[in-house]
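Read off the chains here:
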Amino acid sequence: MSPLFPRGSKALIQRGAPLRDGDVGLFFLNGQAVLRQYCEDYAGNVYLFVLNRRHSRKDIYLPREQTPVCCFGRAVLDEPPPLPGYGNYE
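The rules we used
- Residues numbered from 1 in each chain as written.
- Predicted model: local features only at pLDDT ≥ 70, side-chain atom pairs only at ≥ 80, totals over all residues.
- Heavy atoms only, no water.
- Core = buried A, V, L, I, M, F, W, Y, C linked by side-chain atoms within 4.5 Å.
- Buried < 20%, exposed > 50% of the residue type's maximum accessible area, 1.4 Å probe, protein only.
- Helix = DSSP H or I, 4+ residues; strand = E, 2+ residues; numbered from the N terminus.
- Contact = heavy atoms within 4.5 Å.
- Phe/Tyr/Trp six-rings, centres within 6.5 Å; stacked < 30°, edge-to-face > 60°.

Enquirer: Just checking my understanding: could you explain the nonpolar core for this structure?
Expert: Here is a general trend for soluble globular proteins: nonpolar side chains tend to be buried in one another's company. Counting residues in each nonpolar core, the largest one holds seven residues, listed as Phe27, Leu29, Val34, Tyr38, Val46, Leu48 and Leu62. Within the residue set of this core, elements represented by two or more residues are β2 (24–29), β3 (32–40) and β4 (46–49). The residues touching leucine 48, leaving out its near neighbours within four places in the chain, are Phe27, Leu29, Arg36, Gln37, Tyr38, Asp59, Ile60 and Leu62.

Right, dumping it as structure tokens:
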């Protein structure tokens with residue numbers, strides 16, 4: 001999740017905090033915890049984006065019909081990073 005979270009860094013997670021589009025959260029998917037940027041579209045589909053767009057193949061798409069997303073909480077940041085397409089974090 002560089003550049004905001006360089007390899008080996010620690011993130012402070014606020015448990016139970018509601019997520020809004022653009023927030024970075026800690027999610028549990030397929031047996032592992034992942035730190036991703038959250039976005040939900042008008043149809044209820046969820047997108048979990050990596051911040052480093054050079055690794056966009058690691059983005060996760062969860063259709064509305066799929067099992068609900070398990071979120072441990074929101075990363076505490078001064079301000080959320082821009083969503084993909086609205087800024088450049090390469």
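Enquirer: It is not clear to me how the side chain of arginine 74 should be interpreted in this structure. Could you clarify?
Expert: With respect to the helices and strands, the residue arginine 74 is situated in strand β6 (residues 70–75). For arginine 74, a relative accessible area of 19% corresponds to the buried category. The contacts of arginine 74, once residues within four sequence positions are left out, are Leu12, Ile13, Gln14, Ala17, Pro18, Leu19, Asp23, Val24 and Gly25.

Enquirer: What am I meant to see in the packing of aromatic side chains here?
Expert: Pairs of aromatic rings are described using the distance from one ring centre to the other and the angle between the two planes. Applying the stated rule across the entire model yields four aromatic pairs. For the pair phenylalanine 27 and tyrosine 38, a centre-to-centre distance of 6.3 Å together with 20° between the ring planes defines the contact as stacked. With phenylalanine 27 in strand β2 and tyrosine 38 in strand β3, the pair connects residues that are 11 residues apart, well separated along the chain. Take phenylalanine 27: its relative accessible area is 0%, and that puts it in the buried class. Here tyrosine 38 falls in the buried class, since its relative accessible area comes to 12%. A ring pair is formed by tyrosine 47 and phenylalanine 49, whose centres lie 6.0 Å apart and whose planes are at 5°; its orientation type is stacked. On the accessibility criterion, tyrosine 47 (25% relative accessible area) is partly exposed. Residue class for phenylalanine 49 comes out buried when judged on its relative accessible area of 15%. Among the aromatic residues, those joined into a ring-pair cluster are Tyr47, Phe49 and Tyr61.

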